[in-house]
Amino acid sequence: MTDQRFLDLAVESAVANVHTGGGPFGALVVRDGEVVATGVNEVTTTLDPTAHAEVVAIRAACRALGTFKLDGCVLVSSCEPCPLCLAAALWARVDRVVYAADRHDAADAGFDDRAFYDLFAQPREEWQVPVVQLETTDRVAPFTAWANRPDRVEY
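Cut-off values and rules
- Residues numbered from 1 in each chain as written.
- Predicted model: local features only at pLDDT ≥ 70, side-chain atom pairs only at ≥ 80, totals over all residues.
- Heavy atoms only, no water.
- Helix = DSSP H or I, 4+ residues; strand = E, 2+ residues; numbered from the N terminus.
- Buried < 20%, exposed > 50% of the residue type's maximum accessible area, 1.4 Å probe, protein only.
- Contact = heavy atoms within 4.5 Å.
- Lys, Arg positive; Asp, Glu negative; His and termini not counted.
- Charge placed at Lys NZ, Arg CZ, Asp CG, Glu CD.
- Pairing = 2+ DSSP bridges.
- Axes fitted to C-alpha atoms, helices over the stretch in contact; angles between N-to-C directions.
- 1 Å grid on protein atoms, 1.4 Å probe; cavity = no way out; pocket = protein on both sides within 12 Å on 5 of 7 lines; lining within 4 Å.
- Points joined across faces, edges and corners; volume = space filled by probe spheres on them.
- Nonpolar A, V, L, I, M, F, W, Y, C, P; charged D, E, K, R; others polar.

Going by an unreviewed UniProt entry, the protein chain carries the name tRNA(Arg) A34 adenosine deaminase TadA and comes from Catenuloplanes nepalensis.

Now the structure itself:
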């Protein structure tokens, strides 16, 4: 199958999800021309703000493949991934991301991911939600423990 056909499947799953009460987003993880996993937006149905279609698909693909690294895979989405989903794709190490609608199409439908992209371009001091670093007794203790663990699984 081609990227176009996989995109069509992602869009079809997004439309079907709307008809069952979910959000208008669908995603697939593809490897070697085969669909490994699918996901649809489950934010309102599961009350999980991180249950975006891409994240749901990535989680399912990792379970199906028995790994947290999706190298060799392509994330196919009905819409341009928001910053959360894009970061998840990068952490999953997918080879490529392919999408249909873009952030402007999403904004026109009331899903303004552009606001997050714009926010990240601003200095944190200007954000409405404060994100601040505070000193602790040993802020790097978790990293020291990690570095000292010989059986750690690198990612």
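### Comments concerning the overall build of the protein chain
Counting secondary structure elements, the protein chain contains 7 helices and 4 strands. Along the chain direction, N to C, the helices and strands of the protein chain fall in the order α-β-β-α-α-β-α-β-α-α-α. Dimensions of the protein chain, computed from the C-alpha atoms along their principal axes, are close to 50 × 40 × 25 Å. Burial analysis of the protein chain (155 residues in total) assigns 31% to the buried set. Considering only contacts in the protein chain between residues 6 or more positions apart, those separated by 24 or more positions represent 47%. Side chains of the protein chain carry 13 positive and 23 negative charges; the gap between the two charge centres is 7 Å.

### A short note on the sheet that holds strand S3 (residues 73-79)
Here 4 strands make up an open sheet; going across it, the order is S2-S1-S3-S4 and the pairing mixed. This sheet does not close on itself; its edge strands, each paired only once, are strand S2 (34-40) and strand S4 (96-101). For this sheet the average axis-to-axis angle between neighbouring strands, irrespective of direction, equals 20°. Relative to S4, S3 runs parallel, the two sharing 5 bridges. Bridge pairing links Leu75 to Val97 in S4. Across the sheet, helix H1 (residues 3-19) is in contact with strand S1 (26-31), S2, S3 and S4; its angle to S1 comes to roughly 145°. Set on the sheet, helix H3 (residues 53-65) makes contact with S1, S2 and S3; between it and S2 the angle comes to about 140°.

### Some remarks on the layout of surface pockets
Its volume calculated, the largest pocket comes out at about 330 Å³. For the largest pocket, the lining is made up of 20 residues, of which His52, Cys82, Leu84, Asp113 and Phe116 are closest to its centre. At the level of elements, H3, helix H4 (83-92) and helix H6 (114-120) are the ones that each hand at least two residues to the lining of the largest pocket. The residue inventory of the lining of the largest pocket, partitioned by class, reads 13 nonpolar, 3 polar and 4 charged.

### Description of the pairing of S1
Extensive coverage of S1 is indicated by the burial of 5 of its 6 residues. Examined bridge by bridge, S1 and S2 share 6 bridges and lie antiparallel to one another. Bridge pairing links Val30 to Val35 in S2. Between S1 and S2, which pair antiparallel in sequence order, lie 2 residues; one of them, Asp32, sits at a positive phi of approximately 55°. Alignment of S1 against S3, held across 5 bridges, turns out to be antiparallel. Pairing of Val30 across the sheet is with Val74, part of S3.

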